[in-house]
Amino acid sequence: MKGHEGKVALVTGAAQGIGRAYSERLAAEGVDVACVDLKAAADTVAAVEGAGRKAVSYECDIASPEAVAALAESVVADFGRLDILVNNAGIYPVKNFDETGWEDWRRLMSVNLDAIFLLCKAFVPGMRERGWGRVVNQASNLLGLVAPGFVAYTASKGGVVGLTRALATEVANDGVTVNAIAPSLVATPSTVKRDPPVPSGMTEEEEFELLAGMQAIHRTEQPEDLCGALAFLTSDESAFITGQTYYVDGGLVRT
């Protein structure tokens, strides 16, 4: 992909799973990476440095305005600027609507949606000033395939898509694009073994097999399956694409 070399990216949820895969792919494209998570992302930093790029781990609660403000200062101090913002981090507690309390709702919204707002507020102005930027938000294919137990989660991801479209409209003429990637259930450390378990009563393995059978591509989605879309949407080659949500789910949702 063209346009990555020498750029600086920030990836949330970078310690493992999709966030780590995103960080490693960006490093392979020639990008330095600020690795953000609630815990230290030492393994991801090591992988990025192994690819010859600079990486720094930041432990941050991205749902906190104060923490994000401090993070922005640290990233600019360490890297000088930010060119690519990858809002990957999210939580997905599974609760039926009747069991979902206000605190459950607010915590999920704060991490899955409010944090994206805070991070965009912190970093997009600098992108606009420099005339180049890429924002990629993590949505979900549950917007096209509704499932019980995900009312709050689906609402949060609907908000992500709305934010993506609206922000893209405001910043497009400043050289900044804003897009979203909508995966299916991806095999990561946090999904292969879940606590509480899958609400259907199936094992995690049975759930993965069920979804794979419904997809056009009959296998479980891996973090690496999302990286091609990320590399494209953060490159110069996607400069005329903005406000879009890409379903990268093996053809489970066919739009």
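Just so it is clear, the model here is predicted, and its values are computed rather than measured.

(A) Quick peek at the overall build of the protein. Looking only at helices and strands, the protein has eight helices and seven strands in total. For 255 residues, the compact-globule estimate of 2.2 N^0.38 gives 18 Å, and the protein sits close to it at 17 Å. Projecting the C-alpha coordinates of the protein onto the three principal axes gives extents of approximately 50 × 40 × 35 Å. Per-residue burial for the protein yields a buried fraction of 51% across its 255 residues. For the protein, the share of sequence-separated contacts (at least 6 apart) that also reach a separation of at least 24 residues comes to 69%. As displayed, the protein has an accessible area near 11600 Å², and 55% of this comes from carbon and sulfur atoms.

(B) Layout of the side chain of Arg53. Locating Arg53 in the fold gives a position in the loop between α2 (42–50) and β3 (55–59). Given the relative accessible area of 18%, Arg53 is considered buried.

(C) The nonpolar core, seen in detail. If you look at the biggest cluster of nonpolar residues, it comprises 31 residues, and the most contacted ones within it are Leu10, Leu71, Val75, Leu82 and Leu85. If you list the elements that add at least two residues to this core, you get β1 (8–12), β2 (32–37), α3 (65–79), α4 (102–130), α5 (151–171) and β6 (176–183). Ranked by residues supplied to this core, first place goes to α4 with nine residues. Setting aside chain neighbours within four positions, we find Leu85 in contact with Leu10, Leu119, Cys120, Met127, Arg134, Val135 and Val136. If you look at the next biggest cluster of nonpolar residues, it comprises 28 residues, including Val11, Ala21, Val31 and Ala55.

So, how was this worked out
- Residues numbered from 1 in each chain as written.
- Predicted model: local features only at pLDDT ≥ 70, side-chain atom pairs only at ≥ 80, totals over all residues.
- Heavy atoms only, no water.
- Helix = DSSP H or I, 4+ residues; strand = E, 2+ residues; numbered from the N terminus.
- Rg over C-alpha atoms; globule rule 2.2 N^0.38 Å.
- Buried < 20%, exposed > 50% of the residue type's maximum accessible area, 1.4 Å probe, protein only.
- Contact = heavy atoms within 4.5 Å.
- Areas by Shrake-Rupley, 256 points an atom, 1.4 Å probe, with all protein chains shown as cover.
- Core = buried A, V, L, I, M, F, W, Y, C linked by side-chain atoms within 4.5 Å.

None of this, on its own, says anything about what the molecule does.
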